[in-house]
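The residues making up each chain are set out below.
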Amino acid sequence: MRLFDQLVFNRQLFMRHRVRTVLLLLAVSIGVASVILLTSLGEGARGYVDREFSALGNRILIVLPGRKETTGGGPPIYGASPRDLTLEDANALGRIPGVLAVAPIIAGTTTIAHSNRSREVITLGSTDAFFTVRQLNVGMGRLLSARARTEPLAVCVLGVKVKRELFGSRRALGQWVRVGDRRMRVIGVLEERGESLGLDMRDMLVIPVRTAEQLFDSPGLFRILLDIAPSADSDKIQEQTLRVIRKRHDGEEDVTVISQDSMLAAFDNILATLTMAIAAISSISLLVAGILIMNISLISVSQRRKEIGLLKAIGASSRQIKQLFIGESLLLISMGSALGISVAFALIFVFAGLWPSFPLQPPTWAVPAALLVAFGTGLVFSIMPAKRAAALDPVLALRGLQH
Amino acid sequence: MIKLEAINKTYQVGGSPLRALCDVSLQIEPGEYLSVMGPSGSGKSTLLNMIGLLDRPDSGRYWFDQVATEELNEERRAHLRGENIGFIFQSFHLINRLTAFENVELPMMLAGQPVKQRRSAVTDVMAMVGLSDRASHKPNQLSGGQLQRVAIARAIVMRPRLLLADEPTGNLDSHSGGEVIDVIEKLNQDGITLITVTHDQQLGDRARRHIRMVDGMIDSDHNAHIKGSNIKSSQTKISDIKSVDIDSADTEDKKSDDATI
Ligand SMILES: Nc1ncnc2c1ncn2[C@@H]1O[C@H](COP(=O)(O)OP(=O)(O)OP(=O)(O)O)[C@@H](O)[C@H]1O
Ligand SMILES: [Mg+2]
């Protein structure tokens with residue numbers, strides 16, 4: 001039997017069973033469209049995160065004390081507790097070519113109080129470089145000056161939320177607050193801004209690093225932020241950072257360096273995995289479509305017993321009968337897939353118009369994957385009805401409806 | 001052309017075996033016209049399905065054109081059936097969603113023949129059964145006699161050499177039955193081998209060879225050659241129909257040709 005003839009034959013069949021055909025087309029197209037749309041959603045989220053990261057503008061390296069990687073085996077025999085990162089380490093890192101700014105950070109929690117109000121607050125001890133590296137702007141007053149790198153000045157900069165809770169709508173600039181057991185003058189309030197890299201800057205207090213050293217009575221840094229030049233090679237600077245630290249720490253490489261690039265890569269990774277998980281879940285709808293095709297094909301086989309018997313009597317072989325039934329499913333799936341893909345892309349197009357800041361973008365593999373699953377399930381689930389049809393005894397099939 | 005040797009077919013009915021065919025041996029030459037008669041359940045249809053390669057015997061041998069059919073696989077049997085054997089059923093078995101033309105075209109389509117060849121062959125056989133003007137009609141727009149003639153057209157469109165008719169007039173009134181018989185007898189006169197299963201004595205008598213089956217066995221098998229001319233003259237009783245124009249001189253020639261083959 002020629003392919004064209006089979007297409008004509010199937011078309012006649014579809015025309016005859018319109019409701020059934022439309023139902024199956026719908027099932028397949030919904031499955032295909034949902035795979036494409038949902039993966040587009042995942043991919044869109046990834047694109048969104050990418051853009052948020054690159055909107056940060058600068059590139060940051062973060063140096064943490066202690067090694068993150070575990071190399072397996074037992075606990076290390078000596079050098080178990082890492083050395084502290086010190087301000088001197090930070091200054092040494094600042095001399096690496098390609099590093100634009102170094103922001104050492106000491107972190108802790110203190111009580112901040114003004115008149116009769118007080119609260120616990122996360123306190124960061126740092127320098128003027130901190131604001132540059134983290135791209136924080138001043139809302140009122142001024143930020144820490146270069147003197148904060150070396151002198152334990154009794155000044156502080158408040159996050160907006162802290163300011164609001166202590167001062168309400170009253171003026172905070174120039175006021176004295178009590179931080180731990182010290183008195184400090186408020187010199188500035190940060191501009192309102194959301195979370196940035198996991199820290200809510202609205203709910204923070206920033207003081208000079210030397211002041212924090214005294215306040216927390218510890219020379220150990222919480223971390224060091226390096227702002228690296230846009231032209232610099234992040235990996236190379238990462239290596240140099242480790243070399244500098246090794247030299248300063250008697251050959252121990254007891255820090256971890258995280259690059260913004262690797263963080264982005266981690267996000268990318270998570271979202272890509274998520275997208276694939278979504279794809280797998282939405283494939284279930286294609287599985288359902290496959291099962292629907294199987295059921296309807298089985299019904300069709302029993303309804304068309306007489307026809308199958310006849311086809312055999314006029315020379316159709318079992319193989320041809322099988323081919324007819326599988327071809328019918330594949331044709332339905334082709335049409336359903338085409339419909340599903342069109343609908344999905346139409347919706348993506350409409351969506352892009354309505355919500356341009358979050359562009360849905362199907363990953364390149366979405367369409368092939370959806371088609372693969374659609375045809376795979378279609379094939380698997382049409383084999384059984386096709387086999388049943390092919391195995392029909394023509395004599396019985398003809399007699400059964402001869403009554 | 002056809003040679004059956006000790007064919008047996010047993011069905012299990014409610015646990016006990018039922019012998020539908022019992023050591024049936026039969027030889028049929030090309031161009032013969034057989035009628036198979038006998039009481040209901042005597043195995044007539046089973047025999048016909050066996051000859052038509054729709055069914056396989058439990059034991060015994062069947063040669064079709066010297067080909068031992070029991071050795072063929074399903075694929076080859078289907079091919080042999082499609083090329084050489086035409087079926088006509090009591091209940092027509094036309095596909096309702098297809099037009100008369102498309103129904104007739106179906107065997108050629110399954111055989112993978114090109115459209116042009118199909119078109120001319122279908123047009124020819126539709127004319128032969130007198131239904132040229134009904135080609136685009138669907139089965140539900142045709143009468144019983146017309147339906148059976150469409151089925152005949154479908155059975156012969158592949159130019160088979162054997163035509164098997166299982167009670168071809170069983171669902172028809174005598175008038176349309178006559179039309180149908182006329183058509184298939186004309187085909188026989190043109191050389192096709194014809195086997196008709198029937199309960200209608202009158203129809204059975206028209207054949208040149210009569211087989212009577214009882215309980216799965218061939219009870220009697222005799223030629224009615226001598227009476228042939230008598231039957232021919234009485235033909236007008238059933239078939240005074242115009243649909244087929246038989247050039248009798250021509251067919252007589254053909255018949256004698258066939259007899260010598
Ligand atoms: N598939 C089957 N399963 C069980 N028994 C069957 C089957 N096919 C036929 N038979 C039995 O075999 C016997 C012969 O059947 P067959 O159809 O050949 O009879 P028939 O001579 O054509 O009868 P009728 O004149 O009623 O058509 C019957 O008793 C029938 O019941
Ligand atoms: Mg019968």
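Residues numbered from 1 in each chain as written. Chains lettered and ligands numbered in written order. Predicted model: local features only at pLDDT ≥ 70, side-chain atom pairs only at ≥ 80, totals over all residues. Heavy atoms only, no water.

Moving on to empty space enclosed by the protein. One pass over the full model with this rule turns up five cavities of 30 Å³ or more. As a volume, the largest cavity reaches approximately 60 Å³. Lining the largest cavity are Ala 313 and Ile 314 of chain A together with Gly 82, Ile 85, Gly 86, Phe 87, Pro 107, Arg 154, Ala 155 and Met 158 of chain B. Here the element with the most residues in the lining of the largest cavity is strand β6 (residues 85–88) of chain B; it accounts for three residues. Tallied by class, the residues present in the lining of the largest cavity amount to seven nonpolar, two polar and one charged. (1 Å grid on protein atoms, 1.4 Å probe; cavity = no way out; pocket = protein on both sides within 12 Å on 5 of 7 lines; lining within 4 Å. Points joined across faces, edges and corners; volume = space filled by probe spheres on them. Helix = DSSP H or I, 4+ residues; strand = E, 2+ residues; numbered from the N terminus. Nonpolar A, V, L, I, M, F, W, Y, C, P; charged D, E, K, R; others polar.)

By the definition in use, this model includes three aromatic pairs over all chains. Arranged with centres 5.7 Å apart and planes meeting at 5 degrees, the rings of Phe 87 of chain B and Phe 89 of chain B form a pair that is stacked. By relative accessible area, Phe 87 of chain B is classed as buried at 5%. Taking NZ or CZ as reference, Arg 183 of chain A lies 4.9 Å from the ring centre of Trp 176 of chain A, over its face. (Phe/Tyr/Trp six-rings, centres within 6.5 Å; stacked < 30°, edge-to-face > 60°. Buried < 20%, exposed > 50% of the residue type's maximum accessible area, 1.4 Å probe, protein only. Lys NZ or Arg CZ within 6 Å of the ring centre and 35° of its normal.)

A word on the domain arrangement of chain A. Each domain of chain A was delimited in the assignment, giving domain 1 (3–52 + 268–399) and domain 2 (83–253). Here the C-alpha centre of domain 2 of chain A lies 58 Å away from the C-alpha centre of domain 1 of chain A. (Domains from an automatic or database assignment.)

Below, the discussion takes up the pattern of salt bridges. Applying the stated criterion across every chain, the model contains 32 salt bridges over all chains. Between Arg 164 of chain A and Glu 192 of chain A there is a salt bridge, with the nearest N and O atoms lying 4.0 Å from each other. On the criterion of sequence distance, the pair formed by Arg 164 of chain A in helix α5 (residues 160–167) and Glu 192 of chain A in the loop between β7 (182–190) and β8 (195–196) is long-range, its members being 28 residues apart. A salt bridge links Arg 209 of chain B to Glu 32 of chain B, with the nearest nitrogen and oxygen atoms 3.1 Å apart. Linking Arg 209 of chain B in strand β9 (residues 209–214) with Glu 32 of chain B in the loop between β2 (16–28) and β3 (33–37), this pair joins segments that are 177 residues apart in sequence. Taken as a pair, Arg 209 of chain B and Glu 32 of chain B share a single burial class, namely buried. (Salt bridge = Lys/Arg side-chain N within 4 Å of Asp/Glu carboxyl O.)

Residues and elements named next belong to chain B. At a minimum axis separation of 7 Å, helix α3 (residues 100–110) and helix α5 (residues 144–156) run at an interaxial angle of 30 degrees. With respect to α5, the axis of α3 lies roughly parallel. Judged by the twist between their axes, the crossing of α3 over α5 is right-handed. Counting all contacts with α3, which are made through Ala 100, Asn 103, Val 104 and Pro 107, the residues of α5 involved are Val 150, Ala 153 and Arg 154. In terms of residue class, the contact of α3 with α5 is made up of five nonpolar, one polar and one charged. (Axes fitted to C-alpha atoms, helices over the stretch in contact; angles between N-to-C directions. Parallel < 35°, antiparallel > 145°, perpendicular 65-115°, else oblique. Left-handed = near helix turned anticlockwise from the far one by under 90°. Contact = heavy atoms within 4.5 Å.)

This paragraph deals with the site of ligand 1. With respect to spatial proximity, 16 residues lie near ligand 1, and among them Ser 40, Gly 41, Lys 44, Ser 45 and Thr 46 of chain B are the closest. Residues within reach of ligand 1 are spread across chains A and B. Lys 44 of chain B places a side-chain nitrogen or oxygen 2.7 Å from an oxygen atom of ligand 1. Ser 45 of chain B places a polar side-chain atom, nitrogen or oxygen, 2.7 Å from an oxygen atom of ligand 1. Out of a free accessible area of 620 Å², ligand 1 has 74% covered by protein chains. (Near = heavy atom within 4 Å. Polar contact = N/O pair within 3.5 Å; in protein donor to acceptor, adjacent residues only side chain to side chain. Areas by Shrake-Rupley, 256 points an atom, 1.4 Å probe, with all protein chains shown as cover.)

Before going further, it helps to examine the packing of helix α8 (residues 260–303) of chain A against helix α10 (residues 318–354) of chain A. Residues and elements named next belong to chain A. Following both chains from N to C, one finds α8 and α10 inclined at 140 degrees, their axes separated by 11 Å at the closest point. Put simply, α8 runs oblique to α10. In this structure, the crossing between α8 and α10 has a hand that is right-handed. Across the interface between the two elements, Ile 293, Ser 297, Ser 300 and Val 301 from α8 touch Phe 325, Ser 329 and Ile 333 from α10. Here the residues of the contact of α8 with α10 sort into four nonpolar, three polar and no charged.

Residues and elements named next belong to chain B. Strand order in the open sheet formed by four strands is β2-β1-β4-β5, and the pairing between neighbours is antiparallel. Two strands lie at the open edges of the sheet, namely β2 and β5 (67–68), each paired on one side alone. Of the pairings in the sheet, the one linking strand β1 (residues 2–13) to strand β4 (residues 59–64) comprises five bridges and is antiparallel in character. Bridging from a neighbouring strand, Leu 4 pairs with Tyr 62 of β4. Sheet strands in contact with helix α1 (residues 44–51) are β1, β2 and β4, and its direction is about 55 degrees off that of β2. (Pairing = 2+ DSSP bridges.)

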